[in-house]
Amino acid sequence: MLSPELGHYALALACILASAQGILPLIGAQRRDRRVMMLAPGLAVGQLLALLAAFLCLVNAAVTDDFSVQNIAANSAVSKPLLYKITGVWGNHEGSILLWALILGICGAAVAAFGRNLPSALRARVIAVLGAVAAGFELFCLTTSDPFARVWPAPMDGQGMNPLLQDPGLAFHPPILYTGYVGFAVPFAFAIAALIEGRVDAAWGRWVRPWAVAAWCFLTCGIALGSWWSYYVLGWGGYWFWDPVENASLIPWLTGTALIHSAIVVEKRESLKIWTVLLAIATFSFSLSGTFLVRSGILNSVHAFANDPARGIFILGLLAVVIGGSLALFAYRAPTLTAGGLFAPISREGALVLNNILLCSLCAVVLTGTMYPPFMSLLFDRTISVGKPFFDATTIPLAIPLFIFMGFGPMLPWKRAQLWPVLQRLWIAALLAGVAFAVFTFGMSGILPILCSALAVWVIAASVLDITERMRLFRMPLSGSLQRARMLPRSIFGTAIAHAGVGVTILGLAAMSQAQHKIVEVPVGTTEHLAGYDWTLTNVTQEPGPNYSAMVATLEVRHNGKIVTIMHPSKRSFNSQNQTTTEVSIHTNLLADLYGVLGDKHGTDAAPTYVLRLHYNPLAPWMWLGALIMAIGGVLSLSDRRMRVGAPRRAKTSPNTVTAA
């Protein structure tokens, strides 16, 4: 039977196995004892099975309404729909930490299963590092965040889940986002293992890159899904609030993007080795720091969980051990690592270095804006706010040159390049960007949105030209071009698609700066005009839900006298939590969103009036479509045969030889 006691026992067993996984393989690798090193895969799989059993026990408690479990009593209710009983398992602090540990266990088992072509010592060390980190999180679960803690006497019903979290988008947002966060633990483990071993080479770069790309794909989708949830659930008409917890996910995404590009240089040219190791450490460190910020109470956010000082202290200690220990090891071993191959400033390597500089500068700006208010409050007892004006003013000037050089980078040769031949190949992209700039000048207001829109066209066009140049399209018979396309590595197509996805997202972001909105208070039968559309409130009714009651409006939207759509925004009241939420109604044709929100009811029952928030959001869907295209590009790169086959085996070296760089 999947009882809470069994779940607690399984979690304790997983912690023991993770501790053994974090110690024994390291000893075996140090002593070159193959028998001890071979314990690593079995321990990783055993830990995963124990964590899976613990997680299933918690899910069973939620589905069966076992309110004797404190976690279930505080976050569920009999009337809660089954989907949200299951997904609500990770919609709270204790369950989310257990989910984090489970995903980390999956990563360890994945390395054990798919890392058979790794050198046995490196594989053992990587799995050991993952086990040590997992042991820390599982100990955190057992000591200060026990998801199986009992409450007595057990209540007849639970307190219910936060109504804002009872949504399909946010139900699946945490697992995807956490997979991105935790996925960067694998490059981190490779970095620590390489530092211990004292060796970083092209094979190491080949092994690290697919794990980094996979984590980046999940993190991209997780951030996009969270932004989409903010757009259609919170009802304020926006998609990104520069919320501190939103920023906590953006920071590792920026360094993770830099890591992917830097790992390419390690693999292709055996350069930037020390920097790539540091990026791998920094990316996972920022992922861990985001966890601390959400759960410590330092940051105030709609996303943050209820805080507990004991939990914050434990996570702070875990951060000190993981981040401080890894940076100390890096400082100790970095002098033994030598620089790699030389390259000219104008080269593919040079473009990737510039890419890293700009991405890390963006990361530094976002990190400063996020952490400055809490540090000012802590050190000087001053409350300040850093919001959208600051982030827009500081990130856009750094993003613009990044977009410009995105078009050049993929076309530059390795080691040394001439800029003029590349410019000649990109003249069509430059022409299209110039035409777009001229066209957008008549349809948009503000120089920055116009410039960013033109740069988006530049990025998309350059990505397409990169593929057509490699195919030699229009320069040889079509059959020959198609044959060349079939022979190109899939990673080439993946890169072009991912870059084009960035361009699509930029277009959506720039167009959203031209959005129009209106807030009105009107009686039934009133027509409002916005963006060339007529919005008529025709009716408002009361309707029951499974665990709420709803006030539902009917909005007829017409254009030139013809009905475009009928929208039904609503306002839901959850009696058990004594909370209300807004349910946005959105009509889209992929070129623009018509967005309606129902607010409060005023006046008397005989002559009521209703607050309406009406929005016209051009190209809004393109923001999330671009993120999906980016992720598709990453997946296509992962399907490249070179990724699946893995890196070539390393040359054998003397046990005492340090050949790292």
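Look a little higher up for the structure.
So, here's what we can say about the structure. (Residues numbered from 1 in each chain as written. Predicted model: local features only at pLDDT ≥ 70, side-chain atom pairs only at ≥ 80, totals over all residues. Heavy atoms only, no water.)

Points about the packing of helix α14 (residues 348-380) against helix α15 (residues 388-408)
A pair of packed helices is characterised by two quantities: the angle between their axes and the separation of those axes. With their axes 10 Å apart at the nearest point, α14 and α15 run at an angle of 170° to one another. Relative to α15, the element α14 is oriented roughly antiparallel. Where α14 approaches α15, its residues L354, N355, L358, L359, S361, L362, V365, V366, G369 and T370 are matched on the opposing element by F390, F391, T394, T395, L398, A399, P401, L402 and F405. (Axes fitted to C-alpha atoms, helices over the stretch in contact; angles between N-to-C directions. Helix = DSSP H or I, 4+ residues; strand = E, 2+ residues; numbered from the N terminus. Parallel < 35°, antiparallel > 145°, perpendicular 65-115°, else oblique. Contact = heavy atoms within 4.5 Å.)

Description of the nonpolar core
Counting residues in each nonpolar core, the largest one holds 152 residues, and the members touching the most others are F190, W204 and L426. Sort the elements by how many residues they give to this core and helix α10 (residues 202-233) lands first, with 16 residues. Membership of the second largest hydrophobic core comes to 17 residues, among which are V557, M567, L598 and Y610. (Core = buried A, V, L, I, M, F, W, Y, C linked by side-chain atoms within 4.5 Å. Buried < 20%, exposed > 50% of the residue type's maximum accessible area, 1.4 Å probe, protein only.)

Some remarks on the pattern of salt bridges
Inspection of the entire model under this criterion finds 18 salt bridges. In this structure, R269 engages E349 in a salt bridge whose closest nitrogen and oxygen atoms are separated by 2.7 Å. Residue R269 is found in helix α11 (residues 244-269), and its partner E349 is found in helix α14; the two are separated by 80 residues along the sequence. Overlapping salt bridges, with partners in common, bring together E5, D66 and R150 in one network. (Salt bridge = Lys/Arg side-chain N within 4 Å of Asp/Glu carboxyl O.)

Focus: the side chain of D466
Note that D466 resides in helix α18 (residues 447-471). A relative accessible area of 6% places D466 in the buried class. Non-local contacts of D466, meaning those with residues more than four positions away in its chain, are made with P410 and M411.

Here we look at the packing of α11 against α14
Where α11 meets α14, the closest approach of the two axes is 9 Å, and the angle between their N-to-C directions is 165°. One way to sum up the angle between α11 and α14 is to call them roughly antiparallel. For the pair α11 and α14, the sense of crossing is left-handed. In contact with P244, N247, L250, I251, L254, T255, T257, A258, H261, S262, V265 and R269 of α11, α14 contributes E349, L352, N355, N356, L359, C360, L362, C363, V366, L367 and T370. The residue inventory of the contact of α11 with α14, partitioned by class, reads 13 nonpolar, eight polar and two charged. (Left-handed = near helix turned anticlockwise from the far one by under 90°. Nonpolar A, V, L, I, M, F, W, Y, C, P; charged D, E, K, R; others polar.)

So, the side chain of S570
Within the element layout of this structure, S570 appears in strand β6 (residues 570-574). By relative accessible area, S570 is classed as buried at 7%. In this structure, S570 is in contact with M551, V552, T581, T582, E583 and L598, ignoring residues within four places of it in sequence.

Regarding α10
In a regular helix each residue adds 1.5 Å, so 32 residues correspond to 46 Å; α10 covers 46 Å between its end C-alpha atoms and thus fits that length. Along α10, 27 of the 32 residues are buried, which leaves the element largely enclosed by surrounding structure. Regarding α10, its N-cap is D201, as a side-chain oxygen of that residue lies 3.3 Å from the backbone nitrogen of A203 further along. After α10 finishes, the residue G235 shows a positive phi value of roughly 80°. (Expected span 1.5 Å × (residues − 1). Polar contact = N/O pair within 3.5 Å; in protein donor to acceptor, adjacent residues only side chain to side chain.)

Purely geometric stuff here, so don't read any function into it on its own.
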